[in-house]
Amino acid sequence: MEVCIFRAYEEMSRAAAQEVADVLNAKPNAVLGMATGSTPLGVYQHLVKMHERGEIDFSHVTTFNLDEYVGLPITHPASFRLYLWHRFVSKLPLPLANFHYVNAEKDPHAECARLGKIIQSHPIDVAFIGIGENAHIAFNDPPADFDTEEPYLVVQLDDACRQQQMGEGWFPTLNDVPQQAISMSVRQILKSKSIICTVPDQRKAQAVKDSVQGPITNKTPASILQRHQDMTLYLDPPAASLLK
Ligand code: F6R
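Residues numbered from 1 in each chain as written. Predicted model: local features only at pLDDT ≥ 70, side-chain atom pairs only at ≥ 80, totals over all residues. Heavy atoms only, no water.

> Mind showing me how you'd approach the overall build of the chain here?
The helix and strand inventory of the chain stands at 8 helices and 10 strands. For a compact globule of 244 residues, the expected C-alpha radius of gyration is about 18 Å, and the chain comes in at 17 Å, within 12% of that figure. Along the first, second and third principal axes, the C-alpha atoms of the chain reach 40 × 40 × 35 Å. Taking all 244 residues of the chain together, 54% fall into the buried category. Partitioning the intrachain contacts of the chain with sequence separation of at least 6 by distance along the chain shows that 80% fall at a separation of at least 24. Charge-centre separation for the chain: the mean point of 21 positive side chains lies 1 Å from the mean point of 28 negative side chains. (Helix = DSSP H or I, 4+ residues; strand = E, 2+ residues; numbered from the N terminus. Rg over C-alpha atoms; globule rule 2.2 N^0.38 Å. Buried < 20%, exposed > 50% of the residue type's maximum accessible area, 1.4 Å probe, protein only. Contact = heavy atoms within 4.5 Å. Lys, Arg positive; Asp, Glu negative; His and termini not counted. Charge placed at Lys NZ, Arg CZ, Asp CG, Glu CD.)

Following this line, the structure appears as structure tokens:
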């Protein structure tokens, strides 16, 4: 695992976007795995700007969304489909058929099966992920399932994860945060050729320390990233503050 510490969020976002751009410029039909949430806002802004300046061509790219809440309609402000549509997909010439979002509104198990089939013939070139305050990756909360070969699964969200979502302002109260989600599985994330993981903020410092310097355990889901051959962790100084 390579760890890069940037002076500030803005620099971290620009560097992560540039790394995604480098992959796309080397392989125009690359497949991307894409996180949502507060961290990647800056990266999506940079990717859209790079597209507007003609520095990246998204017209042959395929994307897979990492996760989505069970039962949440696309009209809800916390919907990851809405998030990606507003901030990314609607601003690009990405053919809609190549954008594989997760729709967990009605039948999440059927959705997992649908996506699982598609992703098997589209190996991810670069997964762009974050780490939760509880060290989850995608929505694989501790104790995460490190063994399942299912590409997508229905997961229970733990209290720390649900608190994080409320704390970031996506939901007004804890009761509003769904109890379940669809998540790309840990093994599926690890199958990505490369992984870019961006993590800012003091509130992630303990999760970062445990994930980078602690033992590999499903109680710290992101610790499994230590095993990946091409994994870059992008941090800001507060997130890196507990690293030795
Ligand atoms: C969201 C996702 C999550 C987030 C993580 C960090 O699609 O997969 O694992 O990446 O919870 O979230 P933020 O960036 O909101 O702190």
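> Explain the site of the ligand to me, please; I cannot follow it from the model alone.
Near the ligand, the surroundings consist of 16 residues, among which Thr 39, Asp 67, His 136, Ala 138 and Glu 168 are the closest. Within the side chain of Thr 36, an N or O atom sits 2.7 Å from an oxygen atom of the ligand. Contacts to the ligand include His 136, whose side-chain N or O atom sits 2.6 Å from an oxygen atom. Contact with the protein chains covers 98% of the free accessible surface of the ligand, which is 410 Å². (Near = heavy atom within 4 Å. Polar contact = N/O pair within 3.5 Å; in protein donor to acceptor, adjacent residues only side chain to side chain. Areas by Shrake-Rupley, 256 points an atom, 1.4 Å probe, with all protein chains shown as cover.)

> Just to check I follow, could you spell out the side chain of Thr 220 for this structure?
In this fold, Thr 220 is placed in the loop between α7 (205-213) and β10 (231-235). For Thr 220, a relative accessible area of 12% corresponds to the buried category. Beyond its immediate chain neighbours, meaning those up to four positions away, Thr 220 contacts Ala 135, Phe 146, Asp 210 and Ser 211.

> How should the packing of aromatic side chains be read in this particular structure?
When we look at a pair of aromatic rings, we describe it by the centre distance and by the angle of the planes. Across all of its chains, the model carries 11 aromatic pairs by this definition. Ring centres of Tyr 44 and Phe 128 lie 5.9 Å apart, and the angle between their planes is 85°; on these two criteria the pair is classed as edge-to-face. Residue Tyr 44 is located in helix α2 (residues 41-52), and its partner Phe 128 is located in strand β6 (residues 126-129); the two are separated by 84 residues in the primary sequence. Grouping residues by exposure puts Tyr 44 and Phe 128 together as buried. (Phe/Tyr/Trp six-rings, centres within 6.5 Å; stacked < 30°, edge-to-face > 60°.)

> Would you mind showing me how to read the packing of helix α1 (residues 9-26) against α2 here?
Between two packed helices, both the angle of their axes relative to each other and the distance between the axes serve to describe the pair. The geometry of α1 relative to α2 is characterised by a closest axis approach of 8 Å and an angle of 50° between their N-to-C directions. Taken together, the axes of α1 and α2 lie oblique to each other. For the crossing formed where α1 meets α2, the hand is right-handed. Contact residues: Tyr 9, Glu 10, Ser 13, Arg 14, Ala 16, Ala 17, Gln 18, Val 20 and Ala 21 in α1; Leu 41, Gly 42, Val 43, His 46, Leu 47 and Met 50 in α2. For the contact of α1 with α2, a count of residues per class yields 9 nonpolar, 4 polar and 2 charged. (Axes fitted to C-alpha atoms, helices over the stretch in contact; angles between N-to-C directions. Parallel < 35°, antiparallel > 145°, perpendicular 65-115°, else oblique. Left-handed = near helix turned anticlockwise from the far one by under 90°. Nonpolar A, V, L, I, M, F, W, Y, C, P; charged D, E, K, R; others polar.)

> What is the right way to read the sheet that holds strand β8 (residues 180-184) from this model?
Two orientations exist for strands paired in a sheet by backbone hydrogen bonds: parallel and antiparallel. Strand order in the open sheet formed by 3 strands is β4-β8-β7, and the pairing between neighbours is antiparallel. Whereas interior strands pair on both sides, the edge strands pair on one side only; in this sheet they are β4 (67-69) and β7 (152-156). Between one strand axis and the next, the sheet turns by 20° as a mean value, whatever way the strands run. With 3 bridges connecting them, β4 and β8 associate as antiparallel partners. (Pairing = 2+ DSSP bridges.)

> What should I look at first to understand the environment of Phe 146 in this one?
Residue placement: Phe 146 occurs in the loop between β6 and β7. In this structure, the C-alpha to C-alpha distance between Phe 146 and Arg 187, residues 41 residues apart in sequence, is 6.5 Å.

> Honestly, unusual backbone geometry in this entry has me stumped. Any pointers?
Both trends apply: most residues other than glycine have a negative phi, and most peptide bonds are in trans. Here the residue pair Pro 142 and Pro 143 is connected by a cis peptide bond, since its omega of -5° sits within 30 degrees of zero. Turning to its location among the elements, Pro 143 is positioned in the loop between β6 and β7. Phi at Ala 138 takes a positive value of approximately 45°, unusual for a residue other than glycine. Mapped onto the elements of the fold, Ala 138 is located in the loop between β6 and β7. Unlike most non-glycine residues, Asp 201 shows phi in positive territory, near 90°. Position of Asp 201 relative to the elements: it lies in the loop between β9 (194-199) and α7. For Asp 201, a relative accessible area of 29% corresponds to the partly exposed category.

Taken by themselves, the reported measurements are silent on function.
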